[in-house]
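Structure at a glance
The residues making up each chain are set out below.
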Amino acid sequence: KLFGKVKKPKSFDEIIEYIGSSKSRKYDVWIWRGQGNISWPIHSSAFRRLLLDREDVTEERMYYYEKSLMELATHKGYRYFNGRELTDFELLARLRHHGAATRLIDGSRNLLIGLFFCVNDRPEKTGLLTGFKTHYLGGYEGMPESKKYDEKMDDIKDLEHPQTWEPSVIDKRVAAQHSQFLYSRISKKKTGSLEISDSKDSYISLAITPELKKKSLDILSSIFDIRYITLFPDIEGFGYVNSQINKRSASFRW
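Computed from a predicted model, the values in this text were never measured in an experiment.

Rules behind the numbers
Residues numbered from 1 in each chain as written. Predicted model: local features only at pLDDT ≥ 70, side-chain atom pairs only at ≥ 80, totals over all residues. Heavy atoms only, no water. Pairing = 2+ DSSP bridges. Helix = DSSP H or I, 4+ residues; strand = E, 2+ residues; numbered from the N terminus. Axes fitted to C-alpha atoms, helices over the stretch in contact; angles between N-to-C directions. Contact = heavy atoms within 4.5 Å. Core = buried A, V, L, I, M, F, W, Y, C linked by side-chain atoms within 4.5 Å. Buried < 20%, exposed > 50% of the residue type's maximum accessible area, 1.4 Å probe, protein only.

**A short note on the sheet that holds strand β7 (residues 181–183)**
Strand pairing in a sheet takes place through backbone hydrogen bonds and is either antiparallel or parallel in direction. As summarised here, the arrangement of the three strands in space is β5-β6-β7, forming an open sheet in which the pairing is mixed. Either end of the sheet is taken by a strand with one partner, and the two such strands are β5 (138–140) and β7. Strand-to-strand twist in this sheet, taken as the mean axis angle between neighbours without regard to direction, amounts to 20°. Pairing geometry for β5 and strand β6 (residues 163–165), over three bridges, is parallel. Directly across from G139, in β6, lies its bridge partner T164. Its contacts with the sheet place helix α4 (residues 88–97) against β6 and β7, and it is angled at close to 110° to β7.

Structure representation (structure tokens):
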């Protein structure tokens, strides 16, 4: 209903084979995003938070929300990290990686990490793995974002495709997750608030069933060492894995 016809692989190998066969150019690259439930539109955490006010989420409301969030975070001292003042986007990235709601949507340059976030959540639901082709994205990897927030918002106000940005390694999660954010102006499309290109070639989506989620989670952990404690290599991740909701064996592979 949201994403049209979606391929439903039957095995982990079929996921890899399908993605490999989808390459049409030598330099085709995707940014990957996994979500636990295929029925969810692709919304940023800030969009979902603003929906709690039961009002229409406009670009103007999003702008003033994020400006206020950065002001509050700056007042608390979070704009400074290891003796350096963070840029606006670096601050938003740091806040997002620690749970704050921003317009930045988490993605990864690593397919297997995107798949992990799909299969690790809502095990009883069919999930969605999406790859956004960088040919249809603005932005870049491996480059700083020094522009002020106001400048960036002015840049994207008329763009009908998402932007992407690789945050600097300001904490261990960024490096471990091969982080690559997606963001855009507020979209009103049925696919969600992210302004996805209308071109059918701009992204690929896979439906990951509960059965395949379970199998994939085991393969990701046992073969690739991709699991919660390796993707969240900080005290918050350690605390979660060792909390009351997880067995002690969750910390180890054998």
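**Here's the deal with the nonpolar core**
Within soluble globular proteins, side chains that are nonpolar tend to cluster in buried spots. Ranked by size, the top nonpolar core spans 24 residues in total, and within it M62, Y65, F89, L92 and L104 carry the most contacts. In this structure, L92 is in contact with E66, L69, M70, T102, L104 and Y149, ignoring residues within four places of it in sequence. Counting 21 residues, the second largest nonpolar core, distinct from the first, contains W32, L115, C118 and F232.

**A word on the sheet that holds strand β8 (residues 203–208)**
Pairing is antiparallel in the open sheet, where three strands are placed in the order β1-β4-β8. A single partner strand is all that each edge strand has here, and the edge strands are β1 (30–35) and β8. Looking at each pair of strands side by side, their axes are set apart by 15° on average, direction ignored. As judged from the six bridges shared by β1 and strand β4 (residues 127–133), these two strands associate in the antiparallel manner. Residue pairing for β4: W30 is matched across the bridge by K133. This element, helix α1 (residues 12–21), spans β1, β4 and β8 of the sheet and lies at about 170° to β8.

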